Amino acid sequence: EPEVTQTPSHQVTQMGQEVILRCVPISNHLYFYWYRQILGQKVEFLVSFYNNEISEKSEIFDDQFSVERPDGSNFTLKIRSTKLEDSAMYFCASGDTPGYGYTFGSGTRLTVV
Amino acid sequence: AQSVSQHNHHVILSEAASLELGCNYSYGGTVNLFWYVQYPGQHLQLLLKYFSGDPLVKGIKGFEAEFIKSKFSFNLRKPSVQWSDTAEYFCAVSPTDSWGKLQFGAGTQVVVTP
């Protein structure tokens with residue numbers, strides 16, 4: 001079964017540093033998403049991406065965050081100047097039709113110290 | 001305001017018992033409805049989904065869910081659970097006028113004891 005792959009599985013970074021979380025979506029999917037889950041809280045939508053641009057973003061997704069599809073296979077989430085409260089599990093997902101459910105990756109646990 | 005509420009945060013039951021997890025949502029427009037499961041150490045997996053038609057939908061691993069429009073509910077059921085059903089279960093809605101954004105409930109941790 002096709003998978004969404006995320007790397008690294010765990011990243012520790014110092015406050016103020018930039019991190020890039022990487023995702024390889026399923027190859028024929030066109031819609032890409034990032035979610036996060038702070039420990040003990042709900043899974044929260046961050047951003048959706050289609051046709052090389054952001055299609056929708058949440059209030060959480062401010063100027064600190066950016067997404068990119070640098071080539072035909074990767075989908076990245078960049079967090080600039082990380083803060084302690086950015087510590088969370090970040091999930092990437094991809095789908096072929098919006099709103100019809102999609103496949104999640106196994107997540108990257110980001111720890112900001 | 002849009003919201004998704006799951007009734008229980010933690011459920012413990014024995015193997016062969018029946019499971020029902022409640023989910024209610026609040027949204028002004030049309031939504032698609034989902035249940036996702038997260039087994040320990042694994043990623044979120046789609047259990048089942050409802051878009052339209054028969055309000056009783058069947059998913060993988062013997063799960064089913066019923067959409068009751070008048071109650072804004074989408075409850076998940078399984079007649080007889082197994083130890084392997086131990087997992088966290090998430091209800092989610094996706095407004096049909098969005099780009100597939102999912103709004104999740106808080107999740108219900110289900111522990112099935114042998």
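Please refer to the structure placed before this passage.
The rules behind these values
- Residues numbered from 1 in each chain as written.
- Chains lettered and ligands numbered in written order.
- Predicted model: local features only at pLDDT ≥ 70, side-chain atom pairs only at ≥ 80, totals over all residues.
- Heavy atoms only, no water.
- Buried < 20%, exposed > 50% of the residue type's maximum accessible area, 1.4 Å probe, protein only.
- Helix = DSSP H or I, 4+ residues; strand = E, 2+ residues; numbered from the N terminus.
- Pairing = 2+ DSSP bridges.
- Contact = heavy atoms within 4.5 Å.
- Buried area = accessible area lost by both parts, 1.4 Å probe.
- Salt bridge = Lys/Arg side-chain N within 4 Å of Asp/Glu carboxyl O.
- Polar contact = N/O pair within 3.5 Å; in protein donor to acceptor, adjacent residues only side chain to side chain.
- Nonpolar A, V, L, I, M, F, W, Y, C, P; charged D, E, K, R; others polar.
- Axes fitted to C-alpha atoms, helices over the stretch in contact; angles between N-to-C directions.
- Core = buried A, V, L, I, M, F, W, Y, C linked by side-chain atoms within 4.5 Å.

A.B. asks: Would you take a moment to explain the pairing of strand S5 (residues 31–38) of chain B for this structure?
C.D. replies: Each regular strand shows side chains that alternate between the opposite faces of the sheet. Residues and elements named next belong to chain B. Summarising burial for S5: eight of the eight residues are buried, a large majority. Residues Val31, Leu33, Trp35 and Val37 line one face of S5 and the alternating positions Asn32, Phe34, Tyr36 and Gln38 line the opposite face, and both faces are buried. Across six bridges, S5 lies against strand S6 (residues 44–50) in antiparallel orientation. Looking across to S6, one finds that Trp35 is bridged to Leu48. Following S5, the chain reverses through five residues before pairing antiparallel with S6; Gly41 in that reversal takes a positive phi of roughly 75°.

A.B. asks: Honestly, the side chain of Thr76 of chain A in this entry has me stumped. Any pointers?
C.D. replies: Summarising the element assignment, Thr76 of chain A is placed in strand S8 (residues 75–79). In this structure Thr76 of chain A comes out as buried when scored by relative accessible area, which is 7%.

A.B. asks: Looking at this model, I keep getting lost on the interface of chain A and chain B. Mind explaining?
C.D. replies: Where interface size is quoted, it is often the accessible area lost as the parts come together. In this complex, chain A contributes 20 residues to the contact, which on the side of chain B involves 19 residues. Contact with chain B buries area across many residues of chain A, yet Lys42, Tyr100 and Phe104 of chain A alone supply 30% of it, more than any other trio. At the boundary of chain A and chain B, one finds one salt bridge. The partner of Glu56 of chain A in a salt bridge is Lys101 of chain B, with the nearest N and O atoms 3.5 Å apart. Our count for the contact surface shared by chain A and chain B stands at six residue pairs in polar contact (both at pLDDT 80 or more). Broken down by secondary-structure element, the contributors of at least two residues to the side of chain A that touches chain B are strand S4 (31–37), strand S5 (43–50) and strand S6 (53–57) of chain A. Partitioning the side of chain A that touches chain B into residue classes produces eleven nonpolar, seven polar and two charged.

A.B. asks: What is the right way to look at the sheet that holds S8 of chain A in this model?
C.D. replies: Strand pairing within a sheet occurs via backbone hydrogen bonds; the two strands may be parallel or antiparallel. Residue and element names in this part refer to chain A. The strand order across the open sheet formed by four strands is S1-S3-S8-S7, and the pairing between neighbours is antiparallel. The open sheet is flanked by strand S1 (5–7) and strand S7 (65–68), the only strands paired with a single partner. Taken over all neighbouring pairs, the strand axes of this sheet differ in orientation by 20° on average, direction set aside. Sheet topology places S7 next to S8; four bridges connect them, and they run antiparallel. Bridging across to S8, Glu68 finds its partner in Thr76.

A.B. asks: For this particular structure, what's the right way to read the nonpolar core?
C.D. replies: Soluble, globular proteins show a tendency: their nonpolar side chains are buried together. Residues Trp35, Leu48, Phe74, Leu76 and Tyr89 of chain B are the most contacted members of the largest nonpolar core, which totals 29 residues. Sequence-distant contacts of Phe74 of chain B, that is, excluding residues within four places in its chain, are made with Cys23, Leu33, Phe34, Trp35, Leu48, Tyr50, Val57, Ala65, Glu66 and Phe67 of chain B. Counting 22 residues, the second largest nonpolar core, distinct from the first, contains Val4, Phe32, Ile38 and Phe75 of chain A.

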